[in-house]
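What follows is each chain in one-letter form.
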Amino acid sequence: MNESNTLDYINSFIASGPVMYESLAGLLRGVIKKYLETDKGPRYYYLTDLVNPIQTYYRKKHPEIPKDPELQRLLSLGKKLHSLAGQWFRSHPNIIAEEALLDGIWVDIEKVRGKIDWRTINNNIIEFKTKEIIPYSVDDVYIRYPQDLEQLVFYAILHPELPETNYLIFMEMQEPFRLITFKVMIKNPECIRELLKKRIKILDEAIDTSDPKELGRCLSLIHISEPTRPLYSSYAVFCLKK
């Protein structure tokens with residue numbers, strides 16, 4: 001059984017078995033994850049690795065570098081807010097999947113997998129982000145949080161149904177916990193697909209040669225349209241410049 005099939009087996013085991021098995025499955029997942037992150041196993045990326053390739057490079061090449069305490073604090077708070085938001089999403093009749101697994105092998109893109117936050121009955125992907133400062137326009141998102149935009153469109157590419165319309169939701173990390181939703185439509189999926197495959201290739205090469213200069217910054221080729229309703233719900237069209 002290869003590493004991909006093993007992880008799929010564990011996840012299906014959780015879905016069909018009692019809650020008591022979750023701790024055992026979590027331990028197994030942790031062991032496999034550590035194995036995949038070493039040179040002992042074939043290299044496999046999580047999609048979040050690919051939207052911040054330079055950070056992934058240094059994490060894999062220099063694991064001894066300590067994590068920033070402030071970043072860790074924000075991540076911990078974000079997980080708590082994400083869990084609270086999940087209670088509302090789970091009660092919504094149009095939400096049919098939470099933390100659903102996507103594997104690139106399903107769409108002929110090897111070495112990458114990820115988990116979407118939520119999926120609607122129409123297969124729209126919802127990505128939920130908590131921020132100290134939320135964006136109020138597409139320009140704000142593009143400047144402050146390009147990795148979040150890229151993460152959403154990459155998830156869409158990994159989905160077998162290739163949903164054209166998806167949603168990026170930002171929530172403030174402090175009161176009044178304001179929310180803003182960006183509707184994202186993918187107009188050129190093949191180009192984004194090639195960008196994802198290229199990202200895997202150049203990250204592989206950077207790690208193998210210990211040279212990160214080609215990694216660049218995410219979203220360097222993606223154009224976003226102007227918003228239509230910047231205070232409530234913005235509309236973004238994603239395409240790739242030639």
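This structure is a prediction, so every number in the text was calculated from the model and none was measured.

Draft legend 1. Seen up close, a nonpolar patch on the surface. A cluster of nonpolar side chains, contributed by I54, Y58 and I65, occupies part of the molecular surface with about 260 Å² of accessible area. Counting through the fold element by element, I54 comes out in helix 4 (residues 53-61). Residue I54 is classed as partly exposed on the basis of its relative accessible area of 33%.

Draft legend 2. Summary view of the side chain of D117. Structurally, the position occupied by D117 is in strand 3 (residues 112-120). No salt bridge forms around the buried D117; measuring N to O, its nearest opposite-charge neighbour K129 is 5.7 Å away. At 3.2 Å, the side chain of D117 and the side chain of H82 are in polar contact. Those residues in contact with D117 that lie beyond four places of it in its chain are H82, A97, E98, E99, I126, E127 and F128.

Draft legend 3. How the structure looks around unusual backbone geometry. Along the chain, E175 connects to P176 via a cis peptide bond; the corresponding omega equals 10 degrees. Here P176 is to be found in the loop between strand 5 (165-172) and strand 6 (179-186). For E99, which is not glycine, the phi torsion reads 55 degrees and is therefore positive. Note that E99 resides in strand 2 (residues 95-103).

The rules behind these values
- Residues numbered from 1 in each chain as written.
- Predicted model: local features only at pLDDT ≥ 70, side-chain atom pairs only at ≥ 80, totals over all residues.
- Heavy atoms only, no water.
- Patch = residues over 30% accessible without salt bridge, like charges linked within 9 Å, V, L, I, M, F, W, Y side chains within 5 Å.
- Areas by Shrake-Rupley, 256 points an atom, 1.4 Å probe, with all protein chains shown as cover.
- Salt bridge = Lys/Arg side-chain N within 4 Å of Asp/Glu carboxyl O.
- Helix = DSSP H or I, 4+ residues; strand = E, 2+ residues; numbered from the N terminus.
- Buried < 20%, exposed > 50% of the residue type's maximum accessible area, 1.4 Å probe, protein only.
- Lys, Arg positive; Asp, Glu negative; His and termini not counted.
- Polar contact = N/O pair within 3.5 Å; in protein donor to acceptor, adjacent residues only side chain to side chain.
- Contact = heavy atoms within 4.5 Å.

By themselves, these figures tell us nothing about what the structure is for.
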